[in-house]
Amino acid sequence: MNASTKAYEELVTRLKRTALLGSCSAVLEWDEQTYLPREGAEHRANQLALLAGMVHEQATNPEIGNLLVELEANTSLGEASPEMANIREARHEYDRATKLPRRLVEELSRVATLSQHAWVQARKNNQFQDFLPWLEQMIDLKREQASAIGYQGNHAYDALLDEYEPGATSEMIEQAFIPLRNELVSLVSAIKNSGVTPDISLLTRKYPVEKQREFSISAAEAIGFDFAAGRLDIAAHPFCSGFGPGDCRLTTRYDEHHFPGAFFGTLHEAGHGIYEQGLCKEHFGTAMGSSTSLGIHESQSRMWENLVGRSRAFWDHFYQPAQKLFPEALASVNQEDFYRAINDVRPTFIRVEADEVTYNLHIMLRFELEKSLISGDLKPADLETAWNEKFVEYFGIAPETSANGCLQDVHWSAGLIGYFPTYALGNMYAAQFFNAAEKELGDISKLITNGDFAPLKEWLNQNIHRRGKLYRANRLVEVVTGEALSHGPLIDQLQNKYHELYNL
Ligand code: ZN
């Protein structure tokens, strides 16, 4: 064994130990969102802050810096080698972490926990003012974090974005968003003027919660989520958390009178879960055993939710079972009317329940607002007004309550700023990956009609999941599809589908 092999092994051991400790906070965070009694919030905040500090201490141990220097001097491996990827990303994370004082890391963690609890209450009571002091604290902390990390010019936002989409900048995001927005706006207006209005009332009939749960689980299982290595619980804001090999948690929320929320929400989170379950177990704790970026993560969830779950083929397979489970709601509804209802396009308030076409506009609105909050152009106290004004500009409607407006998402309360654009990136990546999969697998809709989801899942396992962070997101999409990030395939797919549905 030569010196750099030994140094590499030492580095990997340290990274894995840190990841293991980090995964303990993930368990506590999941529990906090699902089962923690309200009175326990303060104690939980202290537990999580302690762990965040310990993780930070391990991640910034100077010995990691020494090992990296030694490895960087002695390693000459190609771009696509797992060792090189682990070293490259370890350097990236070490540099980010060492710029942050432990005090700030602990404070961010503590405030995030308390602020999320304040958000849940404020959202329930429709009181933006109750959440405002927490938002102000959080924005201050995030600005402090950005300046500690450092950034080019006046793009403090980029320092935060980099945590979720390594290497991406707000300029790059804007370049992809602007042409996408133009195409979407004209598609939305064509749909609005088409005179076609699907009957969506059939989706708000009575769908008993227990049956919704049963149906959601059976669909998640069918597409390839392994319940022997995961579970589904209830949370105010649905999410997926992969704790590590063999343990991935999904959450959803049920409304007895709204079928799509829990069902497509579960498919979405199961898509994230399938990614987590598809990561290489032996690489847990290193870049090679981690997801590429949140944009790539979202490409997986949106693919299963929309490109698969909202397709005709999917309901060729699942409509009969749905009618059997929900006879009161669906016995008299034909499949085509159901298909049209779940693909209804119209401006609505809630992002997570938005249709595929308007969804990205919800993201662009948040991207603009959070950039202004971080730059200081927008004061937290003015957020609700700014939100409502922009909402009218983008959607032509104004939310009447905070819960339907700027209090609907958990992200800002949790300090997840720079996270939203990854959703729209995910939609673009999903369309590109789906086309590439189809080139190799042939007509995917035929497989889906037969309930044969394994070929697509395995294609994703092989081309995306098992690659971990071998490549950065922009390179991965080139390697897998032969093309750079583009809004073209997403627009093509949306136009093909919705021109037919709305007689355009
Ligand atoms: Zn997602």
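Residues numbered from 1 in each chain as written. Predicted model: local features only at pLDDT ≥ 70, side-chain atom pairs only at ≥ 80, totals over all residues. Heavy atoms only, no water.

Colleague: Whenever I open this one, the overall build of the chain confuses me. Can you help?
Modeller: Counting its regular elements, the chain contains 21 helices and 3 strands. Radius of gyration (C-alpha) of the chain: 23 Å, near the 23 Å computed for a compact globule of 504 residues. Considering only C-alpha atoms, the chain reaches an extent of 70 × 50 × 45 Å along its principal axes. Looking at the 504 residues of the chain, the share that counts as buried comes to 55%. Restricting to contacts in the chain with at least 6 residues of sequence separation, those with at least 24 account for 75%. Accessible surface, the chain: about 20,800 Å² in total, of which carbon and sulfur atoms supply 49%. If the 47 positive side-chain charges of the chain are averaged to one point and the 69 negative ones to another, these points end up 2 Å apart. (Helix = DSSP H or I, 4+ residues; strand = E, 2+ residues; numbered from the N terminus. Rg over C-alpha atoms; globule rule 2.2 N^0.38 Å. Buried < 20%, exposed > 50% of the residue type's maximum accessible area, 1.4 Å probe, protein only. Contact = heavy atoms within 4.5 Å. Areas by Shrake-Rupley, 256 points an atom, 1.4 Å probe, with all protein chains shown as cover. Lys, Arg positive; Asp, Glu negative; His and termini not counted. Charge placed at Lys NZ, Arg CZ, Asp CG, Glu CD.)

Colleague: What's the story with the side chain of E165 in this structure? I'm lost.
Modeller: On the secondary structure map, E165 appears in the loop between helix 7 (156-164) and helix 8 (170-192). Of the side chains bearing the opposite charge, R472 lies closest to the buried E165, which forms no salt bridge; the N-O distance is 9.1 Å. Reaching out from E165, the side chain makes a polar contact with the side chain of S293 at a distance of 2.8 Å. Of the polar contacts made by the side chain of E165, one reaches the backbone nitrogen of L294; its length is 3.5 Å. Leaving out residues up to four positions away in the same chain, E165 has contacts with S293, L294, G295, T422, L425, Y429 and A473. (Salt bridge = Lys/Arg side-chain N within 4 Å of Asp/Glu carboxyl O. Polar contact = N/O pair within 3.5 Å; in protein donor to acceptor, adjacent residues only side chain to side chain.)

Colleague: In this structure, what is going on with the environment of R88? I would like to understand it.
Modeller: With respect to the secondary-structure elements, R88 resides in helix 4 (residues 82-98). Under the relative-accessibility criterion, R88 is labelled partly exposed at 26%. As for R88 and R472, which are separated by 384 residues in sequence, their C-alpha atoms are 10 Å apart.

Colleague: Is there a simple way to think about the coordination of the zinc ion in this case?
Modeller: Octahedral metals with six donors have ideal donor angles of 90 or 180 degrees. Tetrahedral metals with four donors have an ideal donor angle of 109.5 degrees. Looking at the metal site, the zinc ion is ligated by H268 (NE2), H272 (NE2) and E298 (OE), spaced 2.1 to 2.2 Å from it. Within one chain, the residues serving as donors to the zinc ion are arranged as H-x3-H-x25-E. One end of the pair, H268, and the other, H272, are both in helix 10 (residues 259-278), 4 residues apart, so they sit about a helical turn from each other. As far as burial versus exposure is concerned, H268 and H272 are alike and both buried. (Donors = N, O, S within 2.8 Å, 3.2 Å for Na, K, Ca; no water.)

Colleague: I keep staring at the layout of surface pockets and nothing clicks. Help me out?
Modeller: Left-over empty space is what a probe sized like a water molecule reveals as it rolls over the atoms. Size it by volume and the second largest pocket reaches roughly 470 Å³. If you trace the second largest pocket, you find 22 residues lining it, with L307, S311, F434, Q493 and K497 closest to the centre. Those elements that provide at least two residues to the lining of the second largest pocket are helix 11 (294-308), helix 12 (312-325), helix 17 (421-441), helix 18 (444-449) and helix 21 (488-501). Per element, the largest residue contribution to the lining of the second largest pocket is 7 residues, and it comes from helix 21. (1 Å grid on protein atoms, 1.4 Å probe; cavity = no way out; pocket = protein on both sides within 12 Å on 5 of 7 lines; lining within 4 Å. Points joined across faces, edges and corners; volume = space filled by probe spheres on them.)

Colleague: Looking at this structure, I do not really get a negative patch on the surface. What am I missing?
Modeller: Together, D255, E256, E328 and E353 line one region of the surface with negative charge. Along the chain, E328 turns up in helix 13 (residues 327-330). (Patch = residues over 30% accessible without salt bridge, like charges linked within 9 Å, V, L, I, M, F, W, Y side chains within 5 Å.)

Colleague: Would you take a moment to explain empty space enclosed by the protein for this structure?
Modeller: This structure, assessed with the given rule, holds 3 cavities of 30 Å³ or more. Its boundaries defined by the atoms lining it, the largest cavity holds a volume of some 80 Å³. Around the largest cavity, the lining residues are R302, M303, N306, L307, E356, N360, N427, A430 and L490. Contributions of two or more residues to the lining of the largest cavity are made by helix 11, helix 15 (356-375) and helix 17. Among the elements that take part in the lining of the largest cavity, helix 11 stands out by supplying 4 residues, more than any other. When the residues that make up the lining of the largest cavity are grouped by side-chain class, the tally is 4 nonpolar, 3 polar and 2 charged. (Nonpolar A, V, L, I, M, F, W, Y, C, P; charged D, E, K, R; others polar.)

Colleague: Is there a simple way to explain helix 15 in this structure?
Modeller: Residues spaced three or four apart along an α-helix point in a common direction, a consequence of the helix completing one turn every 3.6 residues. Across its 20 residues, helix 15 extends 30 Å between first and last C-alpha, which sits within 8% of the 28 Å expected from 1.5 Å per residue. Within helix 15, 16 of the 20 residues are buried, which leaves the element mostly enclosed by the surrounding structure. Where helix 15 ends, the next residue or the one after it, G376, has phi of about 95 degrees, a positive value. (Expected span 1.5 Å × (residues − 1).)

Colleague: What exactly am I supposed to notice about unusual backbone geometry here?
Modeller: Most peptide bonds adopt trans geometry, and most residues besides glycine take a negative phi value. Even without being glycine, N126 reaches a positive phi, approximately 55 degrees. Residue position: N126 is located in the loop between helix 5 (102-125) and helix 6 (128-149). We classify N126 as partly exposed; its relative accessible area is 32%. In this model, N503 sits at a positive phi of 50 degrees, which is unusual for a non-glycine residue.

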